[in-house]
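Overview (structure and organization)
One letter stands for each residue in the lines below.
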Amino acid sequence: MSADDFIVTPWHVEGDIDYDKLIKQFGTEKISSELLERIKGITGQDHFMLRRGIFFSHRELNIILDEYEKGNKFFLYTGRGPSGHTHIGHLVPWMFAKWLQEKFDVNMYFQLTDDEKFYSKPNLTLEDTKKFAYENALDFIALGFNPEKTKIIINTRNIQTLYPIAAQVAKKINFSNTKATFGFTNETNLGMIFYTSLQSAPCFIEDKPVLIPLGVDQDPHFRLTRDIAPKIGKQKPALIHNIMIPSLEGPGGKMSASDEKSTIYTTDSPAEVKKKINKHAFSGGQLDIEQHRKLGGNPDIDVSYQYLRIFFEPNDDKLKTIYEDYKSGKLLSGELKAILIEKINAFLAIHQENREKAKNQIDQFLFENK
Ligand code: TRP
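**A few points about the site of the ligand**
Around the ligand lies a shell of 15 residues, among which Y77, Q111, E116, Q199 and Q218 are the nearest. At 2.9 Å from a nitrogen atom of the ligand is found a side-chain nitrogen or oxygen belonging to Y77. In this structure, an oxygen atom belonging to the ligand sits 3.0 Å away from a main-chain N or O atom of G81. Compared with its free state, where it exposes 360 Å², the ligand has 92% of that area covered by protein. Those elements that place two or more of their residues in the shell around the ligand are β5 (75–80), α6 (114–120), α10 (190–200) and β8 (210–215). Sorting elements by how many residues they give to the shell around the ligand places β5 first, with four residues.

**What about the nonpolar core?**
Among the nonpolar cores identified, the biggest contains 76 residues, and I152, L211, I277, F312 and I344 are the most heavily contacted of them. Looking at this core, the element that brings in the most residues is helix α16 (residues 333–365), giving nine residues. If you count residues domain by domain, this core takes at least three from each of domain 1 (6–248) and domain 2 (260–357). Apart from the residues lying within four places of it in its own chain, the contact partners of I344 are I88, I264, V273, I277 and F312. Within the second largest apolar cluster, 28 residues are counted, among which are Y109, I173, C203 and L214.

**Details of the pattern of salt bridges**
In total, this model carries 23 salt bridges according to the counting rule given. For the salt bridge of E116 with K117, the shortest nitrogen-to-oxygen distance reads 4.0 Å. By relative accessible area, which is 3% here, E116 ends up buried. For K117, a relative accessible area of 12% puts it in the buried group. Because the salt bridges share partners, they merge into one network encompassing D46, R51, R52 and D316.

**Side note on the domain arrangement of the chain**
The assigned domain composition of the chain is domain 1 (6–248) and domain 2 (260–357). Each of domain 1 and domain 2 has a C-alpha centre, and the two are 28 Å apart. When domain 1 packs against domain 2, close to 2,300 Å² is buried across both sides, 64% of that on carbon and sulfur atoms. When the area that domain 1 buries against domain 2 is broken down by residue, the three leading residues are R52, I88 and L248, summing to 39%. In this structure, the connection of domain 1 to domain 2 is made through four salt bridges. With its nearest N and O atoms 3.0 Å apart, the salt bridge here joins D139 to R355. Where domain 1 touches domain 2, the interface holds 14 residue pairs in polar contact (both at pLDDT 80 or more). Contributions of two or more residues to the side of domain 1 that touches domain 2 are made by α3 (48–51), α5 (91–104), α7 (126–142) and β10 (246–247). Among the elements that line the side of domain 1 that touches domain 2, the one with the most residues is α7, at four residues. A per-class count over the side of domain 1 that touches domain 2 returns 14 nonpolar, four polar and four charged.

**Regarding helix α1 (residues 19–26)**
Each α-helix winds once per 3.6 residues, and so residues spaced three or four apart point in a common direction. Taken together, the buried positions of α1 are L22, I23 and F26. Taken around the axis of α1, the buried residues stretch over an arc of 105°, which confines them to a single face. Facing away from the buried side of α1 by over 90 degrees, the exposed positions are K24 and Q25. Elements that come into contact with the buried residues of α1 comprise β1 (6–9), β3 (29–30), β4 (55–59) and α11 (219–228).

**Looking at the pairing of β8**
Extensive coverage of β8 is indicated by the burial of six of its six residues. A two-sided burial pattern is seen for β8, the buried positions comprising V210, I212 and L214 on one face and L211, P213 and G215 on the other. Strand direction decides the pairing type here: β5 and β8, joined by two bridges, are parallel. Bridge pairing in β8 places L76 opposite L211.

The rules behind the values
Residues numbered from 1 in each chain as written. Predicted model: local features only at pLDDT ≥ 70, side-chain atom pairs only at ≥ 80, totals over all residues. Heavy atoms only, no water. Near = heavy atom within 4 Å. Polar contact = N/O pair within 3.5 Å; in protein donor to acceptor, adjacent residues only side chain to side chain. Areas by Shrake-Rupley, 256 points an atom, 1.4 Å probe, with all protein chains shown as cover. Helix = DSSP H or I, 4+ residues; strand = E, 2+ residues; numbered from the N terminus. Core = buried A, V, L, I, M, F, W, Y, C linked by side-chain atoms within 4.5 Å. Buried < 20%, exposed > 50% of the residue type's maximum accessible area, 1.4 Å probe, protein only. Domains from an automatic or database assignment. Contact = heavy atoms within 4.5 Å. Salt bridge = Lys/Arg side-chain N within 4 Å of Asp/Glu carboxyl O. Buried area = accessible area lost by both parts, 1.4 Å probe. Nonpolar A, V, L, I, M, F, W, Y, C, P; charged D, E, K, R; others polar. Arc of directions from axis to C-beta. Pairing = 2+ DSSP bridges.

Shown next, in the form of structure tokens:
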């Protein structure tokens, strides 16, 4: 793989992603300024993740809005593969989904794919992934979703509901389609080959259009879902994609839940957060203070700055000052890290409290098979 190459699939992300190229490769649409204005017009608000291009691409979001304006509501759907504890990067599409739910007042489904991670991770047992599904559900609930309108689907628990829908889907996807989409080989296990049908199933759980906020690495599943939807008499799901959240150790790849060092978990203590960021957060600063004052840092590759931009500093003016001060050399790497540490710890203090409360709320959120 050469320096400007990158790979984005649901199970493997590598390299420095060029998002304009990815839009072309995947055949999605860039979120235009007109579309941004339109969302702002409807919701009355301009979410920073949209404004800053954290959500950068879509498929047929305009159709969802057309229908909405005619009075036809959609529902939201997203999910998580429970391969480990939740890290802060996972929260990005969930928080955005929460905003969408509030603004559009719509139902939301959250799928936890304990089966998928059992199939795709050689070292995880089904008991492990079920345990992580529960842990991840707590983080999801902690964000403040409305239990009346939000249901959590756990694949092994809700298979009775999912299976008849998955069967419809599976019948229309053939092996050469999945193989071409995911690069499967003769060694790929059967669970993986069938899996797209299960991730597709929640798209059709209500007889309404669906909008899916998701990491762009998940797009290939729904490309297949969209292809087959008309063949089973259903509407194609609409998507809105976020960029991959960089790992602490730098650009090129998403934050992986399996690499302890490069990940901040929602359950980390303030001391752990501080240590991880100071020790591992990739810096765009110069090698010593003297050089940094003279030449300034590069916020565009600095992970601490990126985390502020993506998530932790919604205020544009404050973010701009940090950008400029870092670039001019006025703000040192250690000082930038200190800003981020404080922001993350303030967020986690509240999140961890809500996460405790979520233990008593989980039953209200679990989808019950009919
Ligand atoms: N496969 C996803 C993951 O590994 C989990 C998932 C299930 C999902 N359904 C989804 C993600 C819908 C986005 C949208 O994380």
